[in-house]
Amino acid sequence: MTEPSGQNPTHDELRDDLAAYALGALEEGEAARLRLHLDTCEDCRRDLRRLESAVELLPRTVEQLEPPPRLRESLMDVVRAESPGTAPEPRRRAVAGWWRGLGLSLWRPATAVTAAAMLIVGVVAGYLIHEPGDSSNSTTLAARAAPPAARATGVLERDGDSGILRVEGMPSLASNQVYEVWVRRDGELAPSSLFVPRSNHSADAAVPEQLNGADAVLVTKEPRGGSRQPTSPPLLSVKLN
Amino acid sequence: MTLVDAKESDAFAVIYDRHGGAAYSLAHRIVGDAGMAEDVTQEAFLSIWRSTARFDAARGSVRAWVLGIVRNRAIDALRRAARPAPKLDLDDDAVLETQPAAQRTEAEAIRRETAGRLRQALGLLPHEQSQVIELAYFGGFSHSEIANMLGAPIGTVKGRMRLGLEKIRATLAEGFPEDDAPGAYL
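Residues numbered from 1 in each chain as written. Chains lettered and ligands numbered in written order. Predicted model: local features only at pLDDT ≥ 70, side-chain atom pairs only at ≥ 80, totals over all residues.

## A short note on the overall build of chain A
- For chain A, the count of helices and strands is 6 helices and 9 strands.
- Counting all 241 residues of chain A, 38% fall into the buried class. (Helix = DSSP H or I, 4+ residues; strand = E, 2+ residues; numbered from the N terminus. Buried ≥ 20, exposed ≤ 12 C-beta atoms within 10 Å, placed from the backbone.)

Written out as structure tokens, the structure reads:
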């Protein structure tokens, strides 16, 4: 093996990293450096393809197990709910009832109480964790929780128009329920993804290509398959601006 | 992967039916827990369904693409759980014994037999080579972490990884057909 020479590694030093790279065992900085080299070195690209073909055999050495049938059922529930053919309504639409008033003027008493409590009990106000002036397009915003989910915490990792909502401490769901993510824009709510927390009550939910111009992301408990309009008060909310 | 791009749930079902077993098995091998493996597999397939990242046929088979995503998710889950990889050897018989009996399709039977033969052949690698490969691929450890763990220079670890992978390729790759050809649809 070639001894590393510091900040400007030689071709041979970079080539020595290829096996670790193929195995996913380089630190991110090293991997980024190697990717730059791969852009310009056909020999290393060829070498990497050979090594990767060996790595691709590794999963096949694993004893083959039968996934539980409920895994397929659960996945297909989400997929069908998110499939365009099953969502005839446009993403952006007016929302009737107390939901329209969240943050606006159409408060009904019960909702006003819930929302006010949400503001008070909120774990933390939404805030920007990244330093101002961070040149990246990614921000992390904290969620605030309403009383029924007072122990829940979460962050929205926003990257441009999309994001990933990572939550913990979510209350358990009945077998016929899911959590649904909503994006609020100008008082209108658009359904986003559905999720079921893991056994440790955490979950990661995608919010794809909906966040530009939106002012909040909210989470409600809904019947399995999701709803076209929220049927329960929000348990988590993330203010976007 | 145009059907999934178009959000066709039927196409997604085909992908899951074809690769879900291998995905769950890999997740289980990495995280060592059935519930966690289920979570990881679910996360991985949902990310495939929702992701803007696309399958690139020029870079390999669909199975390799799917399993790469599963592996990354499983390693992330291991790190979140802050616990070490459950096993450091290539003998999964104990895991097998814990599984309930289930009906197997012919394809699954072939996959299981292939896995057994591959595992046996991998067992012929020098221990120091299979060990570093195991720790990296299934344990999610970086080469520097492995070097610390084994008290070996990083260069030595890298060298063992390369030698091991080259032997795997030389002795195994030609003897086992691809279960889906690179670039195969779905």
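## Looking at the overall build of chain B
- The secondary structure content of chain B amounts to 9 helices and 0 strands.
- Split into buried and exposed, the 186 residues of chain B put 42% on the buried side.
- Counting only contacts in chain B whose residues sit at least 6 apart along the sequence, the fraction spanning at least 24 positions is 73%. (Contact = placed C-beta atoms within 7 Å.)

## A short note on the nonpolar core
- Among the nonpolar cores identified, the biggest contains 100 residues, and L23 and V217 of chain A together with A27, V70, A74 and A136 of chain B are the most heavily contacted of them.
- Broken down by element, the residue count for this core peaks at 11 residues, all from helix α4 (residues 62-81) of chain B.
- Those residues in contact with A27 of chain B that sit more than four places away from it in its chain are A37, V40, T41, V70 and A74 of chain B. (Core = buried A, V, L, I, M, F, W, Y, C linked by C-beta atoms within 7 Å.)

## Comments concerning the interface of chain B and chain A
- With 58 residues of chain B at the interface, the matching set in chain A holds 46 residues.
- Within the residue set of the side of chain B that touches chain A, elements represented by two or more residues are α2 (9-31), α3 (34-50), α4, α5 (93-97), α6 (106-122), α7 (127-137), α8 (143-150) and α9 (154-172) of chain B.
- Tallying contributions element by element places α2 of chain B first for the side of chain B that touches chain A, with 12 residues.
- A class-by-class count of the residues in the side of chain B that touches chain A yields 27 nonpolar, 17 polar and 14 charged. (Nonpolar A, V, L, I, M, F, W, Y, C, P; charged D, E, K, R; others polar.)

## A word on the sheet that holds strand β7 (residues 203-207) of chain A
Residues and elements named next belong to chain A.
- Strand order in the open sheet formed by 4 strands is β1-β3-β4-β7, with antiparallel pairing between adjacent strands. Edge strands, defined here as strands with exactly one partner in the open sheet, are β1 (138-142) and β7. Neighbour-to-neighbour, the strand axes of the sheet open up by a mean angle of 20°, direction not taken into account.
- Summarising the sheet, strand β3 (residues 153-159) and strand β4 (residues 162-168) pair through 7 bridges and their orientation is antiparallel. Residue pairing in the sheet places R158 in a bridge with G163 of β4. (Pairing = 2+ DSSP bridges. Axes fitted to C-alpha atoms, helices over the stretch in contact; angles between N-to-C directions.)

## Overview of the sheet that holds strand β6 (residues 188-195) of chain A
All names here are of chain A.
- One open sheet accounts for 5 strands, arranged β2-β9-β8-β5-β6; its pairing is antiparallel. In the strand order of this sheet, the two ends are held by β2 (144-145) and β6, each with one partner.
- In the sheet, strand β5 (residues 177-185) pairs with β6 via 6 bridges, with the strands oriented antiparallel. Along β6, the bridge assignment pairs R184 with L189.

## Some words on unusual backbone geometry
Residues and elements named next belong to chain A.
- With a phi close to 50°, D186 is a non-glycine residue in the positive phi region.
- In this structure, D186 sits in the loop between β5 and β6.
- D186 gets classed as exposed once you count the C-beta atoms within 10 Å, which come to 10.

## Some remarks on the confidence of the model for chain B
- Mean pLDDT for chain B: 75, with 67% of residues reaching 70 or above.
- Across the interface, the model reports ipTM at 0.72; the global pTM reads 0.54. (pLDDT = per-residue confidence, 0-100.)

## Things to note about the environment of H37 of chain A
Residue and element names in this part refer to chain A.
- Tracing the backbone through its elements, the reader meets H37 in helix α3 (residues 28-38).
- A sequence separation of 26 residues divides H37 from H11, and the C-alpha atoms of the two residues are 8.3 Å apart.
- With sequence-adjacent residues up to four places away left out, H37 is seen in contact with L14 and C44.

## Thoughts on the environment of K167 of chain B
All names here are of chain B.
- By the element assignment, K167 lies in helix α9.
- Exposure remark for K167: the 19 C-beta atoms within 10 Å place this residue in the partly exposed category.
- Between the C-alpha atoms of K167 and L122, which are 45 residues apart in sequence, the distance is 9.1 Å.

## A word on the pairing of β7 of chain A
Residue and element names in this part refer to chain A.
- Counting buried positions along β7 yields 5 of 5 residues, so the element is predominantly enclosed.
- Judged by which residues are buried, β7 turns out to be covered on both faces: A203, A205 and V207 on one side and D204 and A206 on the other are all buried.
- Here 5 bridges tie β4 to β7, and the two strands are oriented antiparallel to one another. Within β7, the residue paired with R166 across the bridge is D204.

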